[in-house]
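The residues making up each chain are set out below.
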Amino acid sequence: MYEEEFSAEQLARIAEWNLWAERLAIGLGALALLIVLGYLIRLISIKEFKGRYDYINKYEINTLWVAALVLIGGGAFFANSFVGPTTTLMIFVRAFITVSMSMIVGVIIQNLLKFYYPFYIEKRLKKLRYKPRISPKSGKAMKLLSEEEEDVYLDEGMQAEENVFSIDYDVWIDEETGYTQIEKYAGHLHALQCPECNYQTFKVAREEIVKAPTDVEEGELLKYMECGYCGHKAKRSQKINILKEGETFEASPAS
């Protein structure tokens, strides 16, 4: 019988461990919840759609990953808060199993956040990006200009950035007052869906200017795409707009 093999002091230490393991599990679970709640409160407090877009894009996946790691740690302690009298060997076996299971769960969550969650987050980001802006001048919904219309409101440097697809600008205008709002987005901010594995991990690895644009002829940009999951590679050609009068073309350094 265990009661005969273990002293009262040893049984007391085991009981104390179980108590502290349970407290740590509850504490870590609460911390994970606070991390997520803190993120959501900060997100809700951002009134501008562009601000929310940038915040989600920059912090959401990392925040969920940190919260998941803390929660996994809490789960590991909780699973070991019911320890009974046992041998030293079984303690090491239990620790090994706990670490192994924690790593497996961590890998699963990491893959979900890396390969599946971007599909969901991309829909939210697109909705935020194209949701009508409200003019602070008239209080009415503003109009999003087309690529052709927006050039009037972009300086030469901004247009050059768009020509090489390093930056993408959205121009919103209040047609009643003429008030304009220009928003800046990274040209290759998000990965596309891979045609081979269907994960949203298909990104631009590098670019090459095949033909520079002139004032009478379009240029050509060649994109070398690569999937971060299955390694699938492809090339995509994209036209570069004809230069306007007096405009010069400066290619950005190859990535």
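Note that the coordinates shown come from a computational prediction; the quantities given were computed from them, not determined experimentally.

Asks: Explain the side chain of Asn 80 to me, and be specific about the residues and the numbers.
Replies: As for its position among the elements, Asn 80 is in the loop between helix H3 (49-79) and helix H4 (88-130). A distance of 2.9 Å separates a polar atom in the side chain of Asn 80 from a polar atom in the side chain of Thr 98. Filtering out sequence-adjacent residues up to four positions away, Asn 80 remains in contact with Trp 17, Asn 18, Ala 21, Arg 94 and Thr 98.

Asks: Go over the pairing of strand S3 (residues 180-186) with me, naming the residues and quoting the values.
Replies: Across seven bridges, strand S2 (residues 167-173) lies against S3 in antiparallel orientation. Looking across to S3, one finds that Val 171 is bridged to Ile 182. The turn joining S2 and S3, which pair antiparallel and follow one another in sequence, is formed by six residues; a positive phi near 85° is taken by Gly 178.

Asks: So what's going on with the sheet that holds strand S5 (residues 219-227)? Which residues, and what values?
Replies: Strand pairing in a sheet relies on backbone hydrogen bonds, with the paired strands running either antiparallel or parallel. The three strands lie next to each other as S4-S5-S6, forming an open sheet whose pairing is antiparallel. Lying at the two open borders of the sheet, with one neighbouring strand each, are strand S4 (202-211) and strand S6 (233-240). Shown here is a sheet whose adjacent strand axes are inclined to one another by a mean of 25°, direction ignored. In this sheet, S6 lies alongside S5 in antiparallel orientation, the contact comprising eight bridges. Looking at the pairing, Glu 220 lines up with Lys 239 of S6.

Asks: Describe the environment of Arg 124, listing the residues and the values that go with them.
Replies: Residue placement: Arg 124 occurs in helix H4. For the pair Arg 124 and Ile 56, spaced 68 residues apart in the sequence, the C-alpha separation amounts to 9.0 Å. Not counting residues up to four positions away in its chain, the partners in contact with Arg 124 are Leu 43, Ile 56, Glu 60 and Tyr 117.

Asks: Just give me the short version of the pattern of salt bridges, but keep the residues and values in it.
Replies: Overall, the coordinates contain nine salt bridges when judged by the stated rule. Across the salt bridge formed by Lys 50 and Asp 54, the nearest N and O atoms sit 2.7 Å from each other. Linking Lys 50 with Asp 54, this pair stays in helix H3, spanning four residues, or about one helical turn. For the salt bridge of Lys 143 with Glu 149, the shortest nitrogen-to-oxygen distance reads 3.6 Å. A relative accessible area of 32% means that Lys 143 is categorised as partly exposed. One network of salt bridges, in which partners are shared, links Arg 129, Asp 168 and Asp 170.

Asks: Can you tell me about H3, naming the residues and giving the values?
Replies: With 31 residues, H3 extends 42 Å between its outermost C-alpha atoms, agreeing within 8% with the 45 Å of an ideal straight helix rising 1.5 Å per residue. Roughly 45° is the biggest bend found in H3, and it falls at Tyr 59. Three or more residues of H3 are buried, namely Lys 50, Tyr 53, Tyr 55, Ile 56, Glu 60, Thr 63, Ala 67, Ala 68, Val 70, Ile 72, Gly 74 and Ala 76.

The rules we used
Residues numbered from 1 in each chain as written. Predicted model: local features only at pLDDT ≥ 70, side-chain atom pairs only at ≥ 80, totals over all residues. Heavy atoms only, no water. Helix = DSSP H or I, 4+ residues; strand = E, 2+ residues; numbered from the N terminus. Polar contact = N/O pair within 3.5 Å; in protein donor to acceptor, adjacent residues only side chain to side chain. Contact = heavy atoms within 4.5 Å. Pairing = 2+ DSSP bridges. Axes fitted to C-alpha atoms, helices over the stretch in contact; angles between N-to-C directions. Salt bridge = Lys/Arg side-chain N within 4 Å of Asp/Glu carboxyl O. Buried < 20%, exposed > 50% of the residue type's maximum accessible area, 1.4 Å probe, protein only. Expected span 1.5 Å × (residues − 1). Bend = angle between axes of the 7 residues up to and from the residue.

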